[in-house]
Amino acid sequence: MEQRKTPLLDAIVDYTTNRPVYFKIPGHRYEKGISPRWRQWTGDGIFRFDLTEAEGLDDLHEPEGVIREAQELAAEVFQAKKTYFLVNGTTCGNEAMVLASVKEGEKIMVARNAHKSVLMGLTLGGAVPVYLMPKQDRVTGLWGSLDPETVEEGFRQYPDCKAVFLASPTYYGVCSNIRAIADICHRHGALLLVDEAHGGHLYFQKEGTATETLPRGAILQDADMCAQSMHKVTGSLTQSSLLHVGSDRVDLGRLEACLHMVQSTSPSYLLMTSLDAARYELALHGEEMLQRGLTLAQMAREAMKKIPGITCVGEASRGKAIYDLDLVRLVISASDLGLSGYQLADRLYEKYRIGMELADDRYVVAVVTYANEESDMRQLVEALEDISRKMTGNTSGDAANVETRLIPPIPPMIDTPRQAFFKEKKRIPWREAKGRIAAEALIPYPPGIPLVNPGELVTEEIWEYMEEYRKKGLHFHGPSDASLDSFCVL
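So, how was this worked out
Residues numbered from 1 in each chain as written. Predicted model: local features only at pLDDT ≥ 70, side-chain atom pairs only at ≥ 80, totals over all residues. Heavy atoms only, no water. Helix = DSSP H or I, 4+ residues; strand = E, 2+ residues; numbered from the N terminus. Rg over C-alpha atoms; globule rule 2.2 N^0.38 Å. Buried < 20%, exposed > 50% of the residue type's maximum accessible area, 1.4 Å probe, protein only. Areas by Shrake-Rupley, 256 points an atom, 1.4 Å probe, with all protein chains shown as cover. Lys, Arg positive; Asp, Glu negative; His and termini not counted. Charge placed at Lys NZ, Arg CZ, Asp CG, Glu CD. Core = buried A, V, L, I, M, F, W, Y, C linked by side-chain atoms within 4.5 Å. 1 Å grid on protein atoms, 1.4 Å probe; cavity = no way out; pocket = protein on both sides within 12 Å on 5 of 7 lines; lining within 4 Å. Points joined across faces, edges and corners; volume = space filled by probe spheres on them. Nonpolar A, V, L, I, M, F, W, Y, C, P; charged D, E, K, R; others polar. Phe/Tyr/Trp six-rings, centres within 6.5 Å; stacked < 30°, edge-to-face > 60°. Lys NZ or Arg CZ within 6 Å of the ring centre and 35° of its normal. Pairing = 2+ DSSP bridges. Axes fitted to C-alpha atoms, helices over the stretch in contact; angles between N-to-C directions. Contact = heavy atoms within 4.5 Å. Salt bridge = Lys/Arg side-chain N within 4 Å of Asp/Glu carboxyl O. Parallel < 35°, antiparallel > 145°, perpendicular 65-115°, else oblique. Left-handed = near helix turned anticlockwise from the far one by under 90°.

Trainee: Give a description of the overall build of the chain that names residues and reports values.
Mentor: Helix and strand counts for the chain come out as 14 helices and 17 strands. On C-alpha atoms alone, the chain measures out to a radius of gyration of 23 Å, which is about the 23 Å that the 2.2 N^0.38 rule sets for 490 residues. The principal-axis extent of the C-alpha atoms belonging to the chain is close to 65 × 55 × 50 Å. Looking at the chain as a whole, 56% of its 490 residues are labelled buried. Of the roughly 21500 Å² of accessible surface on the chain, 49% is carried by carbon and sulfur atoms. If the 54 positive side-chain charges of the chain are averaged to one point and the 68 negative ones to another, these points end up 3 Å apart.

So, in structure tokens, the structure goes:
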């Protein structure tokens, strides 16, 4: 196909150039109905792209024209058998993959560190999760890689599992051995589903360059389906994603029916056009874009090696627990200076005006892309140098040598996520939650892995672990009562 084309973008340009009288939704009539207060900052042009299924602009839910062509161009770039535009983010892609692969009552193996959208898919469809714990690296404390042996053991115990779902890369850039896991899944007649929200750039490595050492995308490693947040690293607008099908094992009719369930019936043409344009840039310049991002990240990583008290996860961390790493992502710690990740992120923003993507009690994460500049990397390195100078020999020690704690075993599942969602719930004092069935999740950060999901038993070990977090005022997600004075149970 001709990758220099942008069929959806071109169709909208043609439509707005003719500027027909408009009686369709949306009601703002190009830019004319948009608040002038907003327009003074954005200009008018972008609003002309916010259209609906107008003449010649196709229909996302039944694509036959320019949207279909744009999706086919994307499939070719990512070497997929079929690609779908997503306007509800990778969240809806994850939901659709689960719904399309596993029926109510059937089993699916799910990496315990999967995104909460997988739980939403399980709740919608009624499938039964069998959770697999990813590996933990005891040196860095990072979680992420799902071991193929763990998957094989899962099939020995549950040979009727219909699919395996995992995230690769994780938020920290940790990747699993997708090809080996795919081989295991296919040998057992199951599908491999990958949340590749952070990995849309890993399809453009060039032989003989530094990018050759980066992990390969899931579709290139025989995954059956994956969803990518193109907006995270590859230049489309927030909330726009792609869903790729990599094999003939997928029931496309069922998948498309599931997408209709989880996608808006009023899809944003701004989002879809941004996907078309981002694909165009990747098709023409993907290798160059990936190389630039990696060069910038490695430049900063090398400079950080010289800063006392600052560490940055790198190639040396690859091994049994961390199968592979996306080195375009910077995972930085100042724990040797006595700073937690939260404290480091606060200092970087408040004093140096540097915004980090993620912070936990040990790390901050910088998502580096081709669109960053060398000046960005210098500013980050200089800020860390300044923090190091001011903190060296003057640490409080509160966050130094952060302990890598073993988390409790996965608790018994009494009710499936769907059963738990629809059952009656009540709020009780947290002190009484031990031995009860959870109606909400408990997710301490780190590790960002649920101690308990809805429908699972709050064991004594889990209660004690979480109680320590509560007493220390540490960071966690899940409970509707952020103080954890109370907790919802079934």
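The structure having been displayed, the exposition proceeds.
Trainee: Give me the nonpolar core: which residues, what numbers.
Mentor: Generally speaking, a soluble globular protein has its nonpolar side chains buried in company with each other. Counting 98 residues, the largest nonpolar core has Leu192, Met304, Leu330, Ile332 and Leu348 as its most contacted members. No other element matches helix H10 (residues 269-304), which puts 13 residues into this core.

Trainee: I'd like a description of the layout of surface pockets, backed by residues and values.
Mentor: When its volume is computed, the second largest pocket comes out at roughly 320 Å³. Lining of the second largest pocket is provided by 17 residues; of these, Pro63, Gln71, Lys82, Tyr84 and Glu256 occupy positions nearest its centre. Elements with a minimum of two residues in the lining of the second largest pocket: helix H3 (66-77), strand S1 (82-86) and helix H9 (252-262). Its residues assigned to classes, the lining of the second largest pocket comprises 6 nonpolar, 5 polar and 6 charged.

Trainee: Could you give me a rundown of the packing of aromatic side chains, with the residues and numbers involved?
Mentor: The relation between two aromatic rings is expressed through the spacing of the ring centres and the mutual angle of the planes. Scanning the entire structure with this criterion turns up 9 aromatic pairs. Plain terms: the ring middles of tyrosine 15 and tyrosine 22 are 6.4 Å apart, the flat faces sit at 85° to each other, and that makes the pair edge-to-face. Pair check on accessibility: tyrosine 15 and tyrosine 22 agree, each one buried. Relative to tyrosine 30, the ring of tyrosine 22 lies with its centre 5.5 Å away and its plane at 50°, an arrangement referred to as tilted. Each member of the pair, tyrosine 22 as well as tyrosine 30, is classed as buried. Among the aromatic residues, ring-to-ring pairing joins Tyr15, Tyr22 and Tyr30 into one connected group. Sitting over the face of the ring of tyrosine 352, lysine 351 holds its NZ or CZ atom 5.7 Å from the ring centroid.

Trainee: Describe the sheet that holds strand S4 (residues 163-167), naming the residues involved and giving the relevant values.
Mentor: Here we have 7 strands laid out as an open sheet, ordered S1-S8-S7-S6-S4-S2-S3, and mixed in their pairing. The outermost strands of the open sheet, each flanked by one partner alone, are S1 and strand S3 (128-132). The average undirected angle you get between the axes of adjacent strands in this sheet is 20°. Across 5 bridges, S1 lies against strand S8 (residues 241-245) in antiparallel orientation. Bridge pairing links lysine 82 to valine 245 in S8. Strands in contact with helix H6 (residues 148-157) are strand S2 (107-111), S3 and S4; relative to S2, the strand with the most contacts, it is inclined by about 160°.

Trainee: Go over the pattern of salt bridges with me, naming the residues and quoting the values.
Mentor: Pairing between side chains of opposite charge can happen when the charged atoms of each approach one another. The final tally for this structure, using the stated rule, is 28 salt bridges. Where glutamate 31 meets arginine 48, a salt bridge forms, and the shortest distance between an N and an O atom there is 3.3 Å. Of this pair, glutamate 31 sits in the loop between helix H1 (7-18) and helix H2 (36-42) while arginine 48 is found in the loop between H2 and H3, placing the two residues 17 residues apart along the sequence. The partly exposed category is assigned to arginine 48, whose relative accessible area is 30%. The closest approach of N and O atoms between lysine 390 and aspartate 386, which form a salt bridge, is 3.0 Å. Taken together, the residues span about one helical turn, with lysine 390 and aspartate 386 both in helix H12 (residues 374-391) at a distance of 4 residues.

Trainee: Talk me through the packing of H10 against H12; I want residue IDs and the actual numbers.
Mentor: Relative orientation of the contacting elements H10 and H12 amounts to 20°, with a least axis distance of 10 Å. On the basis of the axis angle, H10 is roughly parallel to H12. In the crossing of H10 with H12, the sense of the turn from one axis to the other is right-handed. Contact residues: H10 offers Arg292, Leu296, Ala297, Met299, Ala300, Ala303 and Met304, while H12 offers Glu374, Met377, Leu380, Val381 and Leu384. Of the residues assigned to the contact of H10 with H12, the class counts are 10 nonpolar, no polar and 2 charged.

Trainee: For the sheet that holds strand S9 (residues 311-312), give the residues involved together with the corresponding values.
Mentor: Within the open sheet, the 4 strands sit side by side as S9-S11-S13-S12. Their pairing is antiparallel. The open sheet has two free edges, formed respectively by S9 and strand S12 (358-359), since each of these has just one partner strand. With 2 bridges joining them, S9 and strand S11 (residues 329-333) adopt antiparallel strand pairing. The partner of cysteine 312 across the bridge, within S11, is isoleucine 332. Across the face of the sheet, H10 comes into contact with S9 and S11 while running at roughly 20° to S11. Seen against the sheet, helix H11 (residues 341-352) touches S11, S12 and strand S13 (363-367) and runs at an angle of roughly 50° to S13.

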